[in-house]
Amino acid sequence: MGEHKLEDEELLRRIAEKDLQAFRQLVERHNIFVFTTCCNLIGDFHQAEEAAQDVFLQIYRSAGSFRKESKVSTWIYRIAVNRSLNTLRRSKRSRWLESLSTLKKEEAGGEEPGRLLETEEMEEFLKRALDFLPEKQKAAFVLHKYNGLSPGEIAEILGVSPNTVEVRLHRAKKNLQKYIVPRLKKTF
Amino acid sequence: MKKKEMNPECRKVEENLVDLVEGNIPEFRQREIQKHLESCPQCGRLADRFDRLWQEFSKRDLVSPSASFWENLFCSIQADERPYFWGLFISGMKHSFRPAAIIFLLLLGLFFGYYLGDIPGGSEKAISEEVFIDQYVQDFQDFPQGSVSDFYLKYEIQVKDQTS
């Protein structure tokens, strides 16, 4: 994560002077990681792309205010996580009706993971399982499982201790188990 | 109907599936569970399906944004840097706008002050008092003879007759 540390700082310095070439380099270096984080946290491609755009726009605007208290990449990923969680909160509020229809669908036995293992709906089931998690646990789980970060790196991004991250990861896994097991058993 | 009691060994498997598939269980415990999984087909099937599902979480690749990501971002930056019309107008008018706003507020204050300060004059006040006394006299003509109220009422009527 820190292999581009010096280059990143130099790029930020140039971005603060409105150098678009430097900005493009920074975007190309980090866009996949930022987009993966946004995509997995938000769960919607278009909203994630919008969020990722906002993340880089914010970086462009506030490059001059970077205080060098952490790595540039950590700073960027922190902005990405915060922006994604904000989008998630907004969309959760507006999707409560949608969740009701999902519940009815599940009750009707339309989405059983046993059957889904062989279908394209597996992605949707996993997404729903992730949506079941509280947002802090979800952020820790996504950064760990999908982005492959260690608890120490996640702790830096989320601004908490590594122990807190370990606890959140443990709870996230147990909650996912709670969500998945009864649905798996239904298929027997 | 009484719910069927769950086998304690099955319950342990169910409660430790994540730790089991991630290998976070002590070796001796893992051997015990493995033994149970071989003897209990339902738990075996559950563990197998859970394992396959759990692996899906780790199989996800990094995701790339669409091809137009940079172009869209570049457009957003250009739009962000372009001063918008009203912003430009206000910044251009800054020096003349403030005194004009102050003068406008002063005139507005004078205008409202003039109309709010126009209270009823002396003649309107006298008329309203007269109407009040007439009403008073009509309403209270049955005071006992010789009482203070009767005396005051007669005095009021006398004064009124003299003035008219």
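Rules of the game
- Think of each chain on its own: its residues are numbered from 1, step by step along the sequence as written.
- Whichever chain is written first becomes A and whichever ligand is written first becomes 1, with later ones labelled in order.
- Residues qualify for local features only when their pLDDT is at least 70, as the model is predicted, and side-chain atom pairs are given and counted only at 80 or more; totals for whole chains, interfaces and linings, by contrast, use all residues.
- Side-chain figures throughout are based on the complete set of non-hydrogen atoms in the structure, without hydrogens or water.
- We count a stretch as a helix when DSSP gives it H or I for four or more residues in a row; a strand needs E for two or more, and each element gets its number in order from the N terminus.
- The cut-offs for exposure are 20% and 50% of the maximum accessible area for each residue type, with area from a 1.4 Å probe on protein chains only; residues under the lower value are buried, those over the upper are exposed, and the others partly exposed.
- Residues count as neighbours in contact if any of their non-hydrogen atoms are within 4.5 Å of one another.
- We define a salt bridge as a side-chain nitrogen of Lys or Arg found within 4 Å of a carboxyl oxygen belonging to Asp or Glu.
- What pLDDT expresses is the predictor's confidence in each residue, scored from 0 to 100.
- Where helices are involved, their axes are fitted lines through C-alpha atoms of the stretch in contact, as for all axes, and angles between N-to-C directions lie from 0 to 180°.
- Angle categories: roughly parallel below 35 degrees, roughly antiparallel above 145, roughly perpendicular from 65 to 115, and oblique for all the rest.
- Take the far helix as the reference: if the near one is turned anticlockwise from it by less than a right angle, the crossing is left-handed, and if turned clockwise, right-handed.
- For this classification, the nonpolar set comprises Ala, Val, Leu, Ile, Met, Phe, Trp, Tyr, Cys and Pro, the charged set comprises Asp, Glu, Lys and Arg, and every other residue, Gly included, is treated as polar.

A few words on the overall build of chain B. Helix and strand content of chain B: 9 helices and 0 strands. Across the 164 residues that make up chain B, the buried fraction comes to 18%. Taking all contacts inside chain B whose residues are at least 6 apart in sequence as the whole, residues at least 24 apart take part in 41%.

All right, on to the pattern of salt bridges then. On inspection of all chains with the given rule, the structure shows 17 salt bridges over all chains. As a salt-bridge pair, A:Arg83 and A:Asp54 come within 2.4 Å of each other at their nearest N and O atoms. Highlighted residues: A:Arg83 in helix α4 (residues 72-94) and A:Asp54 in helix α3 (residues 45-62), separated in sequence by 29 residues. Two residues, B:Arg52 and B:Asp48, come together in a salt bridge whose shortest N-O distance is 3.8 Å. One end of the pair is B:Arg52 and the other is B:Asp48, both in helix α4 (residues 41-59) and 4 residues apart, which spans about a single turn.

Per-residue confidence for chain A gives a mean pLDDT of 83; residues scoring 70 or more make up 81%. For chain A, per-element mean pLDDT is lowest for helix α5 (residues 96-107) of chain A, which scores 50, and highest for helix α9 (residues 151-158) of chain A, which scores 93.

Here we come to the packing of helix α2 (residues 20-42) of chain A against helix α8 (residues 135-145) of chain A. Residue and element names in this part refer to chain A. Look at α2 against α8: their axes get within 10 Å of each other, and the N-to-C directions meet at 135 degrees. One finds that α2 runs oblique with respect to α8. Between α2 and α8 lies a crossing whose hand is right-handed. On α8, the residues touching Thr 37, Asn 40 and Leu 41 of α2 are Lys 138, Ala 139, Val 142 and Leu 143. Tallied by class, the residues present in the contact of α2 with α8 amount to 4 nonpolar, 2 polar and 1 charged.

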